[in-house]
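# Inside the fold
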Amino acid sequence: MFGQRLRMARKKAGLSMRELAKCMSPSVSPQAISKYEAGKMMPSSSVLVGLGQTLNVSLDFLMGGQVETLEAVEFRKHSRTSAKDRVRAEVLVTEQIENYLAVERILDLEPAPDPFDGLRTDKVQSLEEAEALAIQLRERWRLGLDPIPSMTGLLESKGIKVIAEDLPKRFDGLACTVKLVGGQPDADAVVVSSRANVERRRFTLAHELGHRVIGGSASPSLKPEDAMHRFAAAFLVPADHLRAQVGRSRSGFTFNELSRLKRFYGVSAAAMLIRLGDVGVLAKSRVAHGFRTYARTWRRREPDPIGENTVLGAFEKPQRFENLVWRGLGERLFSTLRAAQLLGRPVHEVERGVGGPHEQ
């Protein structure tokens, strides 16, 4: 376990064994690092601290004992994403999940049941099949057809670990199955970039949710990412509900209408326009015309964005992990210093949260 974590951290830093050895204090040879990574030798405590400082990772990450591997890792990424970016993202996620699992263990919480039991499928043949699975999942979770006020809250309520992290610029998010040591049940995790706007975070969460349900495409003509996009759009904007709002067939829309719809469903203006074409409300030719004319910049710059301080924006922030940490503090299961480390906040701020404001 330690060797695997050390290798990940070194690759995240973009260092060879020789380069890492040169940076280390106390000094250590490249041969020793090779033995650490191969599991043939363990470092002394001083070398272990030096490795963590040099590689900018916590000792909890290097010595973490619950996460065995991240499997079925699916990134929502841009082109030109490097292997270093990928490793950096996986290190960030592993660190956060180790913390999450440690807090759950301290609080003695039972693992959540599989929220996708019986719905997972290896492959889909068509976009329509992906859309049908999204509606089936809505039915399984008894969501009806109304807009979802918080994708983050919904996933957290189903036992899925949602993490907002400062991912490398070329990543919007990722989904993975967390394999745990000792035969513990697997956990599902979805990570979104804290850099992204509200609309993109919501769509990314729904997109990565699709990866938890759909393994891939069974048709050479269907790109897996297109299937996930369709799943996400159908999950966020159910076809029947949308038609009831705007009518079954339209020749066009004003920007005012599109802006209202994007805020109503919590999706981007571009996603809203595409969805109107998907469900047949707008002809595909009208959608294509839109992206050639008035909507040509929408994929790069969100018009009339949903603010972070609006109700919808405030709801799209992970809360479960932080709530569990405060619960543990309230029950005196860990120290203020440890809570500050977990929350990434100054100790004085956490102390104020424990004792409340004091009169001067």
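In what follows, the structure referred to is the one given above.
All chains use their own residue numbering, which begins from 1 and follows the written sequence. Since the coordinates come from a predicted model, pLDDT governs what is reported: local features require at least 70, and pairs of side-chain atoms require 80 or more to be given and counted, while whole-chain, interface and lining totals use all residues. Based on all heavy atoms of the structure, the side-chain values leave hydrogens and waters out of the count.

Our focus in this paragraph is the overall build of the protein. Secondary structure is summarised from DSSP: a helix means a run of H or I of at least four residues, a strand means a run of E of at least two, and numbering begins at the N terminus for each. Looking only at helices and strands, the protein has 18 helices and four strands in total. Throughout, the radius of gyration refers to the C-alpha atoms, and the reference size of a globule is 2.2 Å times the residue count to the power 0.38. Against the globule reference of 21 Å for 360 residues, the protein gives a C-alpha radius of gyration of 23 Å, in line with a compact fold. Within the protein, the proportion of its 360 residues that are buried is 48%. Sequence-distant contacts, at least 24 apart, represent 72% of the contacts inside the protein between residues at least 6 apart. Positive and negative side-chain charges of the protein, numbering 54 and 43 respectively, have mean locations separated by a distance of 6 Å. Three exposure classes are used, based on accessible area relative to the maximum for each residue type with a 1.4 Å probe and protein chains only: buried under 20%, partly exposed in between, and exposed over 50%. Any two residues whose heavy atoms approach within 4.5 Å are treated as being in contact. Note on charges: Lys and Arg go in the positive column, Asp and Glu in the negative column, and His and the chain ends are not counted at all. Where a charge lies is defined by one atom per residue type: Lys uses NZ, Arg uses CZ, Asp uses CG and Glu uses CD.

Taking burial as the measure, the seven residues of strand β4 (residues 187-193) include seven buried ones, the bulk of the element. Alignment of strand β3 (residues 171-180) against β4, held across six bridges, turns out to be antiparallel. Bridge pairing links G173 to V192 in β4. Paired strands are those between which DSSP finds at least two bridges.

Let us look at unusual backbone geometry. Negative phi characterises most residues that are not glycine, and trans characterises most peptide bonds. The omega torsion across S25 and P26 is 0 degrees, close enough to zero to call that bond cis. Here the phi dihedral of R142 falls at roughly 55 degrees; this positive angle occurs in a residue that is not glycine. Looking at the element boundaries, R142 is found in the loop between α7 (127-140) and α8 (151-157). Taking the relative accessible area as the measure of exposure, R142 reaches 78% and is therefore exposed.

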